[in-house]
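Residues per chain, in single letters:
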Amino acid sequence: MGEEIDKGATEPRRVTRLIRLPEVQHRVGLGRSTIYRWMAEGKFPKPVQLGGYAVAWAEDEVERWITSRLQ
């Protein structure tokens, strides 16, 4: 989402899936308040605005966050 497209790249650009809060909570095992607190502290990826009050997270960013915790 925040990546620029490299016009000379030979690899096709991967389209990321957007996931909503219940799925994020399930994947990371954290509650809503912890996720939002860690976002404010810069410890968790921020969501993208879908419109109104609806937000979702880029699936690949959440997966990278999980991978970084496992290392």
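Residues numbered from 1 in each chain as written. Predicted model: local features only at pLDDT ≥ 70, side-chain atom pairs only at ≥ 80, totals over all residues. Heavy atoms only, no water.

1. Observations concerning the packing of helix H1 (residues 21-28) against helix H3 (residues 59-70)
Next, step 1: The N-to-C vectors of H1 and H3 enclose an angle of 20°; their axes lie 11 Å apart at closest approach. As judged from the angle between their axes, H1 and H3 are roughly parallel. In the packing of H1 onto H3, the handedness of the crossing is right-handed. Contact residues: Val 24, Arg 27 and Val 28 in H1; Glu 59, Val 62, Glu 63, Trp 65 and Ile 66 in H3. (Axes fitted to C-alpha atoms, helices over the stretch in contact; angles between N-to-C directions. Helix = DSSP H or I, 4+ residues; strand = E, 2+ residues; numbered from the N terminus. Parallel < 35°, antiparallel > 145°, perpendicular 65-115°, else oblique. Left-handed = near helix turned anticlockwise from the far one by under 90°. Contact = heavy atoms within 4.5 Å.)

2. Quick notes on the pairing of strand S3 (residues 54-58)
Next, step 1: With 4 of 5 residues buried, S3 lies mostly within the body of the structure.
Next, step 2: Bridge count between strand S1 (residues 18-19) and S3: 2 bridges; the pairing is antiparallel. Considered in S3, the bridge of Ile 19 is made with Trp 57.
Next, step 3: Inspection of the sheet shows strand S2 (residues 48-51) paired to S3 by 3 bridges, in the antiparallel sense. Its bridge partner being in S3, Gln 49 is matched across the sheet by Val 55.
Next, step 4: In sequence, S2 turns back onto S3 through a hairpin of 2 residues, with Gly 52 there showing a positive phi of about 60°. (Buried < 20%, exposed > 50% of the residue type's maximum accessible area, 1.4 Å probe, protein only. Pairing = 2+ DSSP bridges.)

3. Brief notes about the packing of H1 against helix H2 (residues 32-40)
Next, step 1: The N-to-C vectors of H1 and H2 enclose an angle of 90°; their axes lie 10 Å apart at closest approach. Of the possible angle classes, the one that applies to H1 and H2 is roughly perpendicular. Between H1 and H2, the residues in contact are Leu 21, Val 24, Gln 25 and Val 28 and Arg 32, Ile 35 and Tyr 36, respectively.
Next, step 2: Partitioned by chemical class, the residues of the contact of H1 with H2 number 5 nonpolar, 1 polar and 1 charged. (Nonpolar A, V, L, I, M, F, W, Y, C, P; charged D, E, K, R; others polar.)

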